[in-house]
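# Descriptive structure summary
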Amino acid sequence: MQVKTFDEYQQVYRKSVEEPEAFWAEIAENFKWRKKWDKVLEWNFTEPKVEWFKGAKLNITENCLDRHLENNADTPAIIWEPNDPSENHRILTYKQLHDKVCQFANVLKNNGAKKGDRICIYMPMVPELAIAVLACARLGAVHSVVFGGFSAQSIADRIKDAECNIVITADGAERGNKNVPLKSVIDDALVQCPSIKRVIVLTRSHTPVSMIKGRDVWWEDEVKKVETQGNPDCPAEEMDTEDMLFILYTSGSTGKPKGVVHTCGGYMVYAGYTFANAFQYQPGEVYFCTADIGWITGHSYIAYGPLTQGATVVMFEGIPTYPDAGRFWDIVDKFKVNIFYTAPTAIRSLMSFGDDILKGKDLSSLTKLGSVGEPLNEEAWHWFNDKIGKGKCPIVDTWWQTETGGFMISPIANVTPLKPGYASLPLPGVQTVLVDENGKEIEGNGVSGNLCIKFPWPGILRTTYGDHERCRQTYFATYENMYFTGDGVLRDEDGYYRITGRVDDVLNVSGHRIGTAEVENALNMHSSVVESAVVGYPHDIKGQGVYAFVVSPDKHGNEDITRKDIIMTVSRIIGPIAKPDKIQFVSGLPKTRSGKIMRRILRKIAEGDTSNLGDTSTLLDPGVVEEIKAGAL
Ligand code: 6R9
């Protein structure tokens, strides 16, 4: 599955475009199937309907676990580093992980879980999170992991949308010196969720929790029951290749997050193949991905991708700056990490602490570096390359999305010549196109446009849960017969791709996708907010910050307190990750005569670039712009 030279990459890429079915069938042969496919691909982007490896049967956990038992049972699958460095780390070999997944799958069965059920997971970054995810997949239950930074309201929305019947959580999560009372947040969420019949609670932080009789059970008690039942194995459920594997909610340009659906066969092939190829993973290498399993990066590149390849994955519970800003490098040194995959926001944040934190850290084990989530600006690229990689580790800048399931545009380590700031070239099987606003393909090099993909790849989303029309509208209706990514891109003279950021109303704050409409809905829920508009602005560390223009005539005489109340409201409705960085009170928003907010103007003001606001003649009240400019933060 790995190409070894740039020439080979170019040949393989050509083949993947000319004969995509033959190309992917050959890749798929590297996986374990209960039954092989009758047909490699059937598709149209109009409905849309995409089916990969049609007729095939499998269980992804047999690929992640069982198939490694024969030769690699004692290879570490997960090396877990706790938040508190004085607590012991844990290592789970493939055999141990297999056994724990089977055991917990039996726990789920005892608690009524079956194939097709939707199970919500809200957990800290502990091995049990990976175990819970894989146990769902073992039974064919569909997991919907919700990141620990989301509020009770966000969890409730997601549980209701997917009609989940079970929640798996923990008493609390420790991140840095903060404790997030996960179970208590779940209790608040469940007030709105009658579909939940069972809550399984792992002990982690020893935070006091309220266990509701008949609904809530302890993870440890349930495991003991399975142990006394004396049946450690749990045969994997046979899944159709197009059965649902998981739902993962992500923000878009409209108010409500959508449940991106991935299915078993195609997703497995895509996550496994891209991991093996882009990182050129070799047996024995230690790979550390700093993402949280609550995001797609954790799904595809902590859990499924690396485990299908029998890799050793470091999983970290804490944050990069606790107990100090050298923590990542301590972990690299401690476990002799070879491949280190992180986000630009983390790199920029660690850069800002200066080079002293690197003194005495042995980073000599590193051979390959990776980045994901937002553009890796050149300054951060060079720091990462010079100070961390010591100029000898390729930086794999992976562009992809929740919807794509895996890497799309990315260098292949030690194969693709690198350019700082560029995600470089599409991986084999990925047919990128640039289009202009009218949907016309922009050919040639040295051009910019909107990034689309014109042919399916196995990891493409299949639908948005419960609302297929929304999937069509969002991704397949903007341009005919193309998947629209929502990103703008530059293709330079060498054909190299540089992602320039979202072209829709989606912000990317510290690598997290946040819809402006979602934040506006939350702001508008505050009793003294009449109306609001949210835009992004350049932020040194987060990449983008959240700037809110708020119309609030009645501030109870104290702007600062009102500001804090409003921030609290956003935190409650969406979660701390969506909190505005700046709130500017305004008497009105710049609107056209037809009532549309002119975000272009607000964006410029938020960026501090007010010299040329463009044409404001269509505004209902041009005077409001002067006022907003004068009060800009
Ligand atoms: C994997 C992930 C997707 C959006 C995407 C784009 C941005 C991701 C990037 C990147 C520039 C990269 N993005 N990787 N931009 N260079 N290497 O992040 O998924 O959370 O769905 O976000 O993130 O704007 O459209 P997701």
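Residues numbered from 1 in each chain as written. Predicted model: local features only at pLDDT ≥ 70, side-chain atom pairs only at ≥ 80, totals over all residues. Heavy atoms only, no water.

### Topic: the pairing of strand E18 (residues 339–342)
The alternating pattern of E18 places Ile 339 and Tyr 341 and Phe 340 and Thr 342 on opposite faces, both of which are buried. Note that strand E16 (residues 286–289) and E18 share three bridges and pair parallel. Note on E18: the bridge partner recorded for Tyr 287 is Ile 339. Between the parallel elements E18 and strand E19 (residues 368–372), the chain passes through helix H12 (residues 344–351) in a crossover that is right-handed. (Buried < 20%, exposed > 50% of the residue type's maximum accessible area, 1.4 Å probe, protein only. Helix = DSSP H or I, 4+ residues; strand = E, 2+ residues; numbered from the N terminus. Pairing = 2+ DSSP bridges. Right-handed = clockwise from strand over helix to strand, strands pointing away.)

### A look at empty space enclosed by the protein
If you walk through the whole model with that rule in mind, you get three cavities of 30 Å³ or more. Quantified by volume, the largest cavity comes out at close to 40 Å³. Lining the largest cavity we find Met 123, Leu 129, Val 145, Val 146, Phe 147, Gly 148, Asp 292, Ile 293 and Gly 294. Split by residue class, the lining of the largest cavity holds six nonpolar, two polar and one charged. (1 Å grid on protein atoms, 1.4 Å probe; cavity = no way out; pocket = protein on both sides within 12 Å on 5 of 7 lines; lining within 4 Å. Points joined across faces, edges and corners; volume = space filled by probe spheres on them. Nonpolar A, V, L, I, M, F, W, Y, C, P; charged D, E, K, R; others polar.)

### Points about the domain arrangement of the chain
Under the domain assignment, the chain is made up of domain 1 (6–319 + 398–448), domain 2 (449–502) and domain 3 (506–630). Here domain 1 and domain 2 have C-alpha centroids that lie 21 Å from each other. Listed by partner, the interface residues are 63 residues for domain 1 and 42 residues for domain 2. Across the domain 1 to domain 2 interface the summed buried area is about 5000 Å²; carbon plus sulfur atoms make up 59%. Per-residue buried area on domain 1 facing domain 2 is highest for Phe 45, Tyr 422 and Gln 431; these three make up 14% of the total on that side. Note that Arg 462 is salt-bridged to Glu 242, the shortest N-O span being 2.9 Å. (Domains from an automatic or database assignment. Contact = heavy atoms within 4.5 Å. Buried area = accessible area lost by both parts, 1.4 Å probe. Salt bridge = Lys/Arg side-chain N within 4 Å of Asp/Glu carboxyl O.)

### Quick notes on the site of the ligand
What surrounds the ligand is a group of 17 residues, the closest being Asp 397, Thr 398, Thr 402, Asp 487 and Arg 513. In the model, a nitrogen atom of the ligand is placed 3.3 Å from a nitrogen or oxygen of the Glu 374 main chain. Between an oxygen atom of the ligand and a side-chain N or O atom of Asn 508, the distance comes to 3.4 Å. Burial of the ligand by the protein amounts to 96% of the accessible area it has alone, namely 530 Å². Broken down by secondary-structure element, the contributors of at least two residues to the shell around the ligand are helix H10 (296–308), strand E20 (395–398) and strand E26 (497–502). Considering only residue class, the shell around the ligand consists of six nonpolar, six polar and five charged. Each of domain 1 (6–319 + 398–448) and domain 2 (449–502) contributes no fewer than three residues to the shell around the ligand. (Near = heavy atom within 4 Å. Polar contact = N/O pair within 3.5 Å; in protein donor to acceptor, adjacent residues only side chain to side chain. Areas by Shrake-Rupley, 256 points an atom, 1.4 Å probe, with all protein chains shown as cover.)

### Some remarks on the state of the cysteines
For the coordinates displayed, the defined rule picks out zero disulfides. Here Cys 393 is not disulfide-linked; the sulfur of Cys 289 is the nearest cysteine sulfur, at 17 Å. The class of Cys 393 is buried, set by a relative accessible area of 3%. Free of any disulfide, Cys 452 has its nearest cysteine sulfur in Cys 471, 14 Å distant. (Disulfide = S-S within 2.5 Å.)

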